[in-house]
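Observations on chain architecture
Listed here are the chains, written in short residue letters.
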Amino acid sequence: KQWYQRRVRGHYEELIESHRDERIMVVLFYANWCGPYKSSIPSVTRLAKELVDKCFFYKLNVTEHDDVTRLCQIIVLPTYLIYADAKVIDIVVSPGMEKLRNKIEFHQKQHRRHYFHKQKLLRRSYDFNSLPELQSRD
């Protein structure tokens, strides 16, 4: 079981890292026995379908993956972690769907602005190997 937990934890960390510089990512921590989660399933599903072009949605069962739950310090269910550039940028605990939508759209705009600014800077960078060398005076 410990090997399995390390594998899941490693997979979670790889998943977070793999979405660096892309759309934001939303991870829902839930449990099947959680009443607020059960009542929000249709709304969350609808929201994920509507925002499919703006962010990645994942869900993680805390009962099956307690090591990742401890790693992310999840205490209340359902909890949504919003990631950008492989970092948690917001934590939304047991929200209404409109509040969650507003948070996602806000962070998506911020991330897109940051990402395009970063791309602009990268395009402006120089290839120092192609620059001519200065000649010394003799």
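Rules of the game
Residues numbered from 1 in each chain as written. Predicted model: local features only at pLDDT ≥ 70, side-chain atom pairs only at ≥ 80, totals over all residues. Heavy atoms only, no water. 1 Å grid on protein atoms, 1.4 Å probe; cavity = no way out; pocket = protein on both sides within 12 Å on 5 of 7 lines; lining within 4 Å. Points joined across faces, edges and corners; volume = space filled by probe spheres on them. Helix = DSSP H or I, 4+ residues; strand = E, 2+ residues; numbered from the N terminus. Nonpolar A, V, L, I, M, F, W, Y, C, P; charged D, E, K, R; others polar. Salt bridge = Lys/Arg side-chain N within 4 Å of Asp/Glu carboxyl O. Buried < 20%, exposed > 50% of the residue type's maximum accessible area, 1.4 Å probe, protein only. Core = buried A, V, L, I, M, F, W, Y, C linked by side-chain atoms within 4.5 Å. Contact = heavy atoms within 4.5 Å. pLDDT = per-residue confidence, 0-100. Pairing = 2+ DSSP bridges. Right-handed = clockwise from strand over helix to strand, strands pointing away.

A few words now on the layout of surface pockets. In this approach, a probe sized like a water molecule rolls over the atoms, and the result shows the empty space that is left. In this structure, the largest pocket occupies an estimated 160 Å³ of space. Contributing elements (two or more residues each) for the lining of the largest pocket: α1 (2-18), β3 (79-84) and β4 (87-93). Sorting elements by how many residues they give to the lining of the largest pocket places α1 first, with four residues. For the lining of the largest pocket, a count of residues per class yields nine nonpolar, no polar and two charged.

Right, let's talk about empty space enclosed by the protein for a bit. The tally for this structure, following the rule as stated, stands at one cavity of 30 Å³ or more. Contributing to the lining of the largest cavity are Ile16, His19, Arg23, Ile24, Met25, Tyr83, Ala84, Asp85 and Ala86. Elements represented by at least two residues in the lining of the largest cavity include exactly β1 (24-30) and β3.

Moving on to the pattern of salt bridges. Counting across every chain of the model gives five salt bridges. The closest approach of N and O atoms between lysine 54 and glutamate 105, which form a salt bridge, is 3.7 Å. With a gap of 51 residues between them, lysine 54 in the loop between α2 (35-50) and β2 (55-61) and glutamate 105 in helix α4 (residues 97-124) connect regions that are remote in the sequence. A residue is classified by how much of its surface remains accessible, and lysine 54, at 30% relative accessible area, is partly exposed. Residues aspartate 66 and arginine 70 are paired through a salt bridge, measuring 3.3 Å at the closest nitrogen-oxygen approach. Of the two residues, aspartate 66 and arginine 70 are both situated in helix α3 (residues 66-71); the distance of four residues between them amounts to about one turn of the helix. The exposure class assigned to aspartate 66 is partly exposed, which follows from its relative accessible area of 28%. Overall, the relative accessible area of 54% leaves arginine 70 in the exposed class. In this structure, a network of salt bridges that share partners links the residues Glu50, Glu98 and Arg101.

The next point concerns the nonpolar core. One finds Tyr12, Phe29, Cys72, Tyr80, Tyr83 and Ile104 to be the most contacted residues of the largest nonpolar core, which totals 33 residues. Within the residue set of this core, elements represented by two or more residues are α1, β1, α2, β2, β3 and α4. In terms of residues, this core owes the most to one element, β1, which gives seven residues. Discounting residues that sit within four places of it in the chain, cysteine 72 has contacts with Tyr12, Phe29, Leu81 and Tyr83.

Let's shift gears to the confidence of the model for the chain. Taken over all residues, the pLDDT of the chain has a mean of 79, while the share at 70 or more is 75%. Residue range residues 1-6 is modelled with pLDDT below 50. Its contacts to residues more than four positions away, or to other chains, number four contacts. When the criterion is pLDDT under 50, residues 123-136 qualifies, and its contacts beyond four places in sequence or with other chains add up to zero contacts.

Most of β1 sits out of view: seven of its seven residues are buried. Here β1 shows a buried face lined by Ile24, Val26, Leu28 and Tyr30 and a second buried face lined by Met25, Val27 and Phe29. Judged from the seven bridges that link them, β1 and β2 form a sheet pairing that is parallel. Looking at β2, one finds that phenylalanine 29 is bridged to leucine 60. For the handedness criterion, the β-α-β arrangement of β1, α2 and β2 is classed as right-handed. In the sheet, β1 pairs with β3 via five bridges, with the strands oriented antiparallel. Bridging from a neighbouring strand, methionine 25 pairs with tyrosine 83 of β3.

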